[in-house]
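Observations on the three-dimensional arrangement
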Amino acid sequence: MTSAPPTWHTGPIGTHSTRLDEETLPLRTPRWLLALALSPLLLSCTVGEEREPTAPTLERPNLVVFVLDAVRSDHVGAYGYERDTTPNIDRLARKGTLYNQAIADASFTFASAAALFIGAPPDESGVLVRRPIPQDLHLLPEVAREHGYRTYAYTENPYVAEAFGFRQGFDEFDEALSLVSLLVAGGEIPRPDSSAAIERAAAFARRTADAPYLLYVHILRPHNPYAPPAGFKRRFSSSEHDELGSTTSLLAFDYGKKPFSDTDRQQLIDLYDDGLAFGDALFGACLRAVGEEELENTVVVLLSDHGEAFREHGRMLHSTTVFDEMIRVPLVVHVPGLPAGQIERPVQLSDLGRGLHRVVAGLPGAVTGLTTLGRPPTEPTLSWSVAQVGQVAVRTAERKLVADAKTGVARVVFDLVRDPGERAPIRSAEAKAAMVSTIGALPSLPVEPAADAPPIAPRVQKQLEALGYVND
Ligand SMILES: [Zn+2]
């Protein structure tokens, strides 16, 4: 009874084409990875080869990848938000590269983070449903370690966890909310001591001066519940409304079980912004803890895994739609010595992952390439909701098609230039066909994960959902 097939598995699996699967390549072997493996540049650095550590340089920089969970880009100062929620992100953006249209591959943590780690989107990797990532996929920390990097992760999200395959390739993996701890947590979610964990991560960075390091830090802020610690509690919120931000309350709003007023919305946004300010402060603390001297040889990447909705389109939280509030995220890259800039063209988080794979593999131009990521305006990104909902967005800089990935039916198109809030759906067959033509054929849900990747035990999934992780 532990492996009932998912009910979404009804589409023409494996028959669709997005960008890469028109030949007979196995769907879960990204072509770029094959190209990498066959590259003459890499013939002298075969995967798995032992190599002497060498000190970090700008060709082999240290990497800090810092994820704040559930940040919508329009709540970040660097993206024009009027509140001072994110002074540390904004500071990085002033000296780094700001991606104005960074798009998550999925509106929920597991698939979005997996796309970043794999360096390929869900339709290529097959990794969308929350099951352990198949071990044959090569994750960023694995590539990094094979090329002489020391690797360290600190994660507070129970889906970016060993149980879901994210441990692969890390020398040290500090998991704040392990499934074991969640299983014994009863109704209370333990909030980890993020500051202490960040100190430990930075200490790892500082003690490995003989080799570059990859530091991955995933902080569960401003993710629900919207309950920031004392020092950040009243930045934007007022005292009477804290209970509104509990996960129970948020889910009641999400399911439409409670009336939702404009006042409720504003009070929730206030609480969310408090949590975002705390997350931003942790990011600043991380950079300070790593230290200025280290940062001279360190590429810093700040991003979020997905956005967050306040019922702009009927839903709260994330994972359930592919409207922009759930998929547009902040992305800032700072490469020491390179000028600041802004990139307008869309970039998908899996593109960033691919770029990071290239950096740790030492490919020529890869480091500079992190500041020029992005797609031509007409080449769409794809973003997925959770499979139970089965939405997929095909999005260019100007237009977005929302389709039902279970049935392969194109639903609506939005003109993102005239209608950035996605309020006025275009239902004409021509508009839909034009968007479908940008990718050749509508994508359907990715293939089911390999048989060697067992599903999470139902009691674990139940416990995650009981604790409020239903939407990740
Ligand atoms: Zn998340």
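One structure accompanies this document, and this report is about it. Quick caveat, the model's predicted, so the values are computed rather than measured. (Residues numbered from 1 in each chain as written. Predicted model: local features only at pLDDT ≥ 70, side-chain atom pairs only at ≥ 80, totals over all residues. Heavy atoms only, no water.)

1. Considerations on the sheet that holds strand β17 (residues 409-415)
Reading across the sheet, the four strands line up as β14-β15-β16-β17 and stay open at both edges, with antiparallel pairing between neighbours. Of all the strands in the sheet, the pair left with one neighbour each is β14 (381-384) and β17. Averaged over all neighbouring strand pairs, the angle between strand axes comes to 20 degrees, with direction disregarded. In the sheet, β14 pairs with strand β15 (residues 391-395) via four bridges, with the strands oriented antiparallel. Paired with Trp384 across the bridge in β15 is Val392. (Pairing = 2+ DSSP bridges. Helix = DSSP H or I, 4+ residues; strand = E, 2+ residues; numbered from the N terminus. Axes fitted to C-alpha atoms, helices over the stretch in contact; angles between N-to-C directions.)

2. A short note on the coordination of the zinc ion
When a metal carries six donors in an octahedron, the ideal angles between them are 90 or 180 degrees, while four donors in a tetrahedron ideally lie at 109.5 degrees. Taken together, Asp69 (OD), Asp69 (OD), Thr109 (OG1), Asp305 (OD) and His306 (NE2) make up the protein donors of the zinc ion, found 2.0 to 2.8 Å from the metal. Considered as a linear motif, the donors of the zinc ion on their single chain read D-x39-T-x195-D-H. Like His306, Asp305 is buried. (Donors = N, O, S within 2.8 Å, 3.2 Å for Na, K, Ca; no water. Buried < 20%, exposed > 50% of the residue type's maximum accessible area, 1.4 Å probe, protein only.)

3. Re the packing of helix α7 (residues 194-206) against helix α9 (residues 262-290)
Interaxial distance between α7 and α9 falls to 8 Å at its minimum, and their mutual angle equals 30 degrees. One element, α7, and the other, α9, form an angle in the roughly parallel class. In terms of crossing hand, the pair formed by α7 and α9 is right-handed. When α7 is examined against α9, the residues Ser194, Ser195, Ile198, Glu199, Ala202 and Arg206 are found in contact with a partner set consisting of Leu282, Ala285, Cys286, Ala289 and Val290. By residue class, the composition of the contact of α7 with α9 is seven nonpolar, two polar and two charged. (Parallel < 35°, antiparallel > 145°, perpendicular 65-115°, else oblique. Left-handed = near helix turned anticlockwise from the far one by under 90°. Contact = heavy atoms within 4.5 Å. Nonpolar A, V, L, I, M, F, W, Y, C, P; charged D, E, K, R; others polar.)

4. Focus: the nonpolar core
Residues Phe166 and Leu352 are the most contacted members of the largest nonpolar core, which totals 73 residues. In terms of residue count, the dominant contributor to this core is helix α3 (residues 109-118) (seven residues). Setting aside residues up to four positions removed in sequence, Phe166 forms contacts with Phe110, Ala113, Ala114, Phe117, Ile133, Tyr159, Val160, Ala161 and Phe173. One finds Ala93, Ala197, Ala277 and Cys286 within the second-largest nonpolar core, a separate group that totals 50 residues. (Core = buried A, V, L, I, M, F, W, Y, C linked by side-chain atoms within 4.5 Å.)

5. Describing the side chain of Ser383
Tracing the backbone shows Ser383 in strand β14. Looking at Ser383, its side chain comes within polar contact range of the main-chain oxygen of Ala104, at 2.7 Å. What Ser383 contacts, discounting residues up to four positions off in sequence, is Ile103, Ala104, Asp105, Val322, Ile327, Gln391, Val392 and Ala393. (Polar contact = N/O pair within 3.5 Å; in protein donor to acceptor, adjacent residues only side chain to side chain.)

6. Some remarks on helix α2 (residues 87-95)
Taken residue by residue, α2 has Asn88, Ile89, Asp90, Leu92 and Ala93 as its buried positions. Where the residues of α2 are buried, they touch β1 (62-69), β2 (97-99), α9, β7 (298-304) and β11 (331-334).

7. Topic: the sheet that holds strand β3 (residues 102-103)
Strand order in the open sheet made by the three strands is β10-β3-β13, with mixed pairing throughout. Here the strands that pair on one side only, and so sit at the sheet edges, are β10 (328-329) and β13 (347-348). Alignment of β3 against β10, held across two bridges, turns out to be antiparallel. Following the sheet pairing, Ala102 is matched in β10 by Val329.

8. Notes on unusual backbone geometry
Looking along the chain, the bond that leaves Arg221 and enters Pro222 is cis, with omega of 0 degrees. Looking at the element boundaries, Pro222 is found in strand β6 (residues 213-222). With an omega of -5 degrees, the peptide bond running from Asn224 to Pro225 counts as cis. Relative to the assigned elements, Pro225 resides in the loop between β6 and α8 (247-254). Located in the positive-phi region is Arg311, a residue other than glycine, with phi close to 65 degrees. Look at Glu422: it is not a glycine, yet its phi comes out positive at around 55 degrees. Among the structural elements, Glu422 can be located in the loop between β17 and α14 (429-437). Residue class for Glu422 comes out buried when judged on its relative accessible area of 3%.

9. A few points about helix α12 (residues 349-360)
A rise of 1.5 Å per residue sets the reference length of α12, with its 12 residues, at 16 Å; its end C-alpha atoms lie 17 Å apart and thus fit the reference within 8%. Of all 12 residues making up α12, 10 are buried, and the element is well covered by its neighbours. Where α12 terminates, the next one or two residues include Gly362, which has phi positive at roughly 75 degrees. (Expected span 1.5 Å × (residues − 1).)

10. Considerations on the pairing of β6
Within β6, 10 of the 10 residues are buried, leaving the element largely enclosed by the surrounding structure. Across seven bridges, the pairing between β1 and β6 is parallel. Residue Leu68 lies in a different strand from β6, and its bridge partner there is Ile219. Pairing geometry for strand β4 (residues 150-155) and β6, over six bridges, is parallel. Paired with Thr151 across the two strands is Leu214, which belongs to β6.

11. Observations concerning the pairing of β11
Burial along β11 is two-sided: Leu331 and Val333 and Val332 and His334, pointing in opposite directions, are all buried. Relative to β11, β2 runs antiparallel, the two sharing two bridges. Opposite Thr97, over in β11, you have Val333 as the bridge partner. As judged from the four bridges shared by β7 and β11, these two strands associate in the antiparallel manner. Counted as the bridge partner of Val300 is His334 from β11.

12. A few points about the packing of α3 against α12
α12 packs onto α3 with a crossing angle of 30 degrees between their chain directions and a minimal axis gap of 6 Å. As summarised for this structure, α3 and α12 are arranged roughly parallel, according to the angle between their axes. On the side of α3, the interface is formed by Ser112, Ala115, Leu116, Phe117 and Ile118, while α12 contributes Leu349, Ser350, Leu352, Gly353, Leu356 and His357. The residue makeup of the contact of α3 with α12, split by class, is seven nonpolar, four polar and no charged.

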